[in-house]
Amino acid sequence: MGSCTSALDRHSSFFLILVFLLAAAAPLRAEVIDRTVAFVNDDAILLSDLDNAYQKTHAIDPSITKDDVLQTLINRKVLLQDAQKFFPGPQDEDLLLKEYIDLKVRAYIRVPEQEVRAYYDRNKAKFDGLPYEKARDQIETLLEEREVNRKLASQIADLRARAWIKVFPPPGGFK
Amino acid sequence: MTRRPVFLALCFLLALPALARAEIPIKRIDVEGLRSIKKSELIYLLCLSNAASIDRVKLSYGIKRAFKKGIFDYIEVDQDPNQPGVIRVVVREHDVIDEVRFKGGGDISGKLLRNNFILKPEGFMRYGLIDQAARTLKEAVSRAGYPDAKVSVSTEKGKTPYRVKVTVHIDRGKPLIVKHITVIGRPADEVTGYLRLSPGDVFNQSDLARGMEELGNHYRKKGYYDPIVGPYAFSAGELYIKVDPGRKLFVKISGNSNISRKKLKKLLPFMEAGDVRDDLVEEAAQRMRTLYHEQGYAGVQIASVLKTEPDAEVVNFYINEGRRVAVASVHMPGASTVPEKKLEEIIALEKGSVYSPERIADDAGRIKSFYQSLGYLDAAVSGPEVVSTPKGMEVSFQIKEGSRYHVAGVRVEGAGRIPAGEITNAIGIKAGDPYNDVDIANARYRVLDMYSARGFYNSAVDVRREFSGSNATLVFKITEGPQRFFGKSIIVGNKKTKTGVIERELEHREGQPFNQKVLMTEMQKLYELGLFSEVNVEAVKGYGAHFDTVYRVREAKAGAVEFGLGYGEFEKERGFVSLSYGNLFGEDRKGSVRFEFSSLEDREILQYDEPWFLGYNVPFRAFLLREDREEKNIDTDEILYKLRRYSVNAGVEKKLTDRVKGEFYYEFSLVNTYNVKPDVVLTREDVGTLAISAVRPAIEYDSRDNPFDPKKGVFAGVSFKLASSAFLSETNFGKLIAQVSTYHRLFKPFVLALRAETGLAQGYGQTNELPIVERFFLGGRNTVRGYAQDTLGPKTPAGDPIGGNAFLLGNVEVRTALTKSLGLVNFVDMGNVWLKIGDMNPGDLRYTTGIGFRYQTPVGPIRVDYGIKLNRQPGESSGELHFSIGQAF
């Protein structure tokens with residue numbers, strides 16, 4: 001038995017060494033250090049950007065796809081490029097976007113009093129007896145944010161239509 | 001026992017990818033697909049370098065940086081585990097459109113097709129825009145009268161990589177033909193001539209729109225203030241167009257005598273508004289009032305009446321201009337520490353100028369601000385009080401100066417990265433100084449500048465004033481921003497010009513503190529190259545604390561053809577043709593060939609300029625010259641000698657400071673002097689072929705404000721030419737020329753210009769006399785006016801000038817600007833030429849005086865001078881007339 005075992009051991013060892021040698025001798029695929037996954041005019045979005053953004057977003061929303069994240073990155077880029085025209089010079093991107101949205105979107109939004117009132121009347125139950133005067137500011141902020149989002153989406157669509165955007169998905173698409 | 005090798009093998013296999021990823025120093029970088037820029041530029045932008053290991057974050061920044069070039073479609077960087085240390089960079093550039101061809105356009109104008117097709121030659125081929133391009137063109141063709149047109153676009157690869165040819169196929173279909181035009185509302189013959197369409201034409205809506213616009217303008221010119229042309233309809237060949245010129249406007253202006261009706265009517269807003277209403281009539285009257293006030297008619301009265309008649313509006317303006325009043329006097333009672341004269345300079349009103357209520361409105365505020373800026377913080381100014389007198393308006397401002405504040409001390413807070421002492425020095429204000437807001441504002445900017453120049457981006461300086469009685473302590477509170485450094489330079493838009501040509505002009509180096517002012521200087525330097533019609537520089541966020549700089553250039557046309565014809569009092573007809581190219585091999589090298597001709601000489605010059613000689617910022621210039629010249633006695637028109645010269649000049653120039661330039665040239669000339677009048681021969685070298693080989697160092701100082709028409713500054717220079725047999729010259733001499741010119745603004749509109757110049761030459765070795773082509777001559781439009789060209793100095797018994805080895809020259813000019821483009825010059829010139837240096841005698845100078853006119857043109861003033869000899873010799877003319885371009889000196 002002992003010799004059988006020993007023979008088996010020898011065979012296994014020989015087999016594993018063979019596998020190792022074959023594996024070691026087999027050519028390894030070139031590793032992509034980084035590459036363009038999309039460009040927006042003369043700004044590139046890289047695989048590393050996409051992976052980083054995907055990791056962060058996926059942790060919050062597991063249903064999100066890489067393609068969704070890429071589209072978000074493209075949207076951010078078109079906004080940033082337009083923002084640079086109004087606020088030239090290097091600066092923090094988040095701050096730049098905030099200033100841009102305030103200037104180009106929020107500045108044009110006025111929520112009429114009757115809309116605030118109508119919202120309150122429609123959703124009175126949700127306010128749990130809170131009088132209109134106390135709920136008013138909260139409703140106005142909510143309606144303003146909704147309008148900001150709507151106008152921003154339209155602004156993005158307009159900027160995207162004018163921009164030169166190209167996406168380079170891997171074969172089979174982004175997973 | 002069995003588990004151990006299995007485990008080891010598995011570990012090894014699992015570790016393989018990690019091993020492959022291990023950062024191995026780069027041994028080689030392979031680049032694939034690159035065409036438009038050099039591999040070295042791409043590697044620089046990517047931040048890769050041999051022998052260093054890959055920093056993945058820096059590389060990602062690098063790829064984005066390379067994309068800023070605007071030429072890339074795709075970049076990928078990978079490494080092959082089978083070849084450790086070998087990095088592969090795969091790029092794909094944007095396709096560029098070689099040409100756009102239109103097929104099947106028929107009689108549709110090529111301009112219409114080109115203008116309406118959004119893909120342009122030399123633009124990037126954006127394949128995603130093909131459908132939109134076809135659609136836009138189809139719409140334009142449809143408007144041109146071919147509603148059934150079909151447009152398709154095909155592309156084919158060009159012969160070189162990344163170049164494509166675009167073919168636009170147009171199937172026009174059946175055109176719409178105008179069979180008849182019906183005009184509604186006006187007689188057809190009044191309208192159809194403007195419409196650009198006639199029966200039988202293709203129904204081109206673009207032409208029709210232009211025609212309708214012209215018709216509208218025609219009606220406006222006729223006085224219709226709101227004509228409506230259109231709408232139109234087209235059906236089965238019938239074009240219906242509605243025209244309603246609307247109502248006419250008649251404007252009558254009476255009572256004006258000092259401002260013309262034409263000028264007043266230009267102020268009317270009716271045509272622009274397309275309406276005539278009471279408020280517009282009042283606006284027109286107000287505009288007229290303002291114009292009258294500006295011209296000094298402060299008491300002008302304008303009444304307006306708007307009357308509506310059956311077919312027109314009639315507006316009457318009745319003007320009572322009143323008298324034109326000037327400011328007789330300006331008084332500022334109460335002003336004691338600041339002279340009234342100084343205060344008068346600040347206000348808009350000037351004594352003697354026309355009185356205008358609009359101009360005076362803000363003067364009290366201006367005076368108060370001025371006082372406050374000097375530290376009189378409690379100053380109060382009331383007025384103006386205006387009294388009308390027969391002499392004009394007497395204007396006075398009542399001033400209460402109050403006490404002057406002083407600086408008690410200066411404190412700096414918040415400084416950490418720059419020593420406070422250095423900041424205090426930059427502030428430059430100390431305890432005891434008068435409090436002055438302008439000085440404080442300047443000091444603040446100096447501190448900001450200091451931080452900015454050292455890369456502390458977004459730093460802020462606030463000045464707080466702590467008052468105690470009439471003293472103020474100034475506290476400069478500094479908020480230091482983060483320090484930033486220059487990153488990499490990205491050069492965009494240079495198609496012909498090599499990137500290195502731009503890079504070598506840049507003043508910063510990577511890693512230096514970021515300074516926005518340096519970018520401005522660089523932009524100016526790039527413009528000064530003359531290669532670009534547009535240069536934009538911007539800083540973008542780079543890796544870490546670095547700002548990358550992006551230089552966007554648009555290349556100008558490098559080639560130029562110039563020609564000119566003129567007339568000189570000496571050469572008679574003259575002209576030139578010049579062909580030049582300013583960017584040979586994309587290296588900013590300039591080459592030119594120039595042909596000059598006149599009745600006295602023909603010259604051909606082939607010139608080459610290299611701005612950076614052997615890689616150093618030292619301009620090199622070389623030129624070949626061939627010249628055929630006749631020297632004449634101006635008075636007798638007799639030929640003194642003829643000359644043919646072949647010459648090679650080569651040398652370097654170097655700007656030593658902003659104002660000082662040094663140069664060193666080598667000259668070799670083969671001069672054949674023939675048909676020489678025997679009496680002008682001084683030496684055997686004056687006749688026949690002579691080789692002159694010389695070096696010429698020179699230095700010059702130039703602080704003039706404008707070299708073509710200086711108003712202030714100094715120009716001085718010294719040059720020394722040494723010809724020697726050591727350089728294979730057949731003649732030996734040294735020749736020194738020194739000159740200084742100064743320009744002084746006297747008071748408006750006078751400029752005083754002075755020049756002194758001397759030349760000294762001496763032969764040596766076998767050479768006693770300088771050959772005639774190297775001797776000095778004076779007289780003529782640029783030296784001593786009043787004497788004909790080269791006629792001063794030693795002469796033969798027959799009166800022919802023979803030149804000499806020494807000269808002195810002096811000029812004094814008073815230049816007066818009569819208008820913006822016309823000038824008057826009064827001058828005194830003096831000078832003479834002597835055969836030998838030892839013969840020089842200042843008592844023997846010849847003097848002339850005269851007058852001249854200048855007319856400013858973009859190439860310098862056109863000049864006509866007449867000089868009169870003050871110590872005229874027997875047989876000499878009394879004076880000479882001179883024409884030229886540019887000032888005499």
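What counts, and where the lines are drawn
- Residues numbered from 1 in each chain as written.
- Chains lettered and ligands numbered in written order.
- Predicted model: local features only at pLDDT ≥ 70, side-chain atom pairs only at ≥ 80, totals over all residues.
- Helix = DSSP H or I, 4+ residues; strand = E, 2+ residues; numbered from the N terminus.
- Pairing = 2+ DSSP bridges.
- Expected span 1.5 Å × (residues − 1).
- Buried ≥ 20, exposed ≤ 12 C-beta atoms within 10 Å, placed from the backbone.
- Arc of directions from axis to C-beta.
- Contact = placed C-beta atoms within 7 Å.
- Core = buried A, V, L, I, M, F, W, Y, C linked by C-beta atoms within 7 Å.
- pLDDT = per-residue confidence, 0-100.
- Axes fitted to C-alpha atoms, helices over the stretch in contact; angles between N-to-C directions.

**Q** Any chance you could break down unusual backbone geometry for me, citing the residues and the numbers?
**A** All names here are of chain B. Across the junction of Gly-230 and Pro-231, the peptide omega takes the value 0°, indicating a cis bond. By the secondary structure assignment, Pro-231 is in strand β8 (residues 228-235). Cis geometry marks the peptide bond from Gly-383 to Pro-384; its omega dihedral reads 10°. Positionally, Pro-384 belongs in strand β14 (residues 380-389). With a phi close to 65°, Cys-47 is a non-glycine residue in the positive phi region. Tracing the backbone shows Cys-47 in the loop between α2 (39-46) and α3 (56-67).

**Q** Can you tell me about the pairing of β14(B), naming the residues and giving the values?
**A** Relative to strand β15 (residues 392-400) of chain B, β14(B) is paired through 8 bridges, and the arrangement is antiparallel. The residue bridging B:Ser388 from the neighbouring strand is B:Met393, located in β15(B).

**Q** Can you tell me about helix α2 (residues 47-60) of chain A, naming the residues and giving the values?
**A** Residues and elements named next belong to chain A. Over its 14 residues, α2 runs 20 Å from end to end, which matches the ideal 20 Å to within 8%, given 1.5 Å per residue. Among the residues of α2, Leu-47, Asp-49 and Tyr-54 are the ones counted as buried. Axial view of α2: buried residues confined to an arc of 145°, hence all on one face. Among the exposed residues of α2, those oriented more than 90 degrees off its buried face are Gln-55, Lys-56, Ala-59 and Ile-60. At its buried positions, α2 is contacted by β1 (31-40), β2 (43-46) and α3 (66-86).

**Q** Residues and numbers for the nonpolar core, please.
**A** Membership of the largest hydrophobic core comes to 72 residues, with the highest contact counts inside it found for B:Leu46, B:Leu59, B:Ile63, B:Ala66, B:Val447 and B:Tyr551. For this core, the leading source of residues is α3(A), giving 6 residues. Those residues in contact with B:Leu59 that sit more than four places away from it in its chain are A:Ile33, A:Asp34, B:Leu46, B:Cys47, B:Leu48, B:Ile54 and B:Val77. In terms of nonpolar packing, the next biggest core, distinct from the first, is built from 37 residues, B:Val281, B:Val300, B:Val327 and B:Ile360 among them.

**Q** Report on the confidence of the model for chain A, specifying residues and quantitative values.
**A** All names here are of chain A. Overall, the prediction assigns chain A a mean pLDDT of 86, with 83% of residues at 70 or greater. Across chain A, element-level confidence peaks in β2 with a mean pLDDT of 97 and bottoms out in helix α1 (residues 2-25) with 52. Contacts for the low-pLDDT stretch residues 1-5, under 50 throughout, to residues beyond four places or in other chains number 0 contacts.

**Q** Describe the sheet that holds strand β18 (residues 471-479) of chain B, with residues and values.
**A** What holds strands together in a sheet is hydrogen bonding between their backbones, with the strands either parallel or antiparallel. Residues and elements named next belong to chain B. Judged by pairing direction, the sheet is mixed, and its 3 strands sit side by side in the order β16-β18-β17 without closing on themselves. With one partner strand each, in any of the chains shown, β16 (406-413) and β17 (460-468) form the two edges of the open sheet. Here the average twist between neighbouring strands, direction ignored, is 20°. With 9 bridges connecting them, β17 and β18 associate as antiparallel partners. Its bridge partner being in β18, Arg-464 is matched across the sheet by Val-475.

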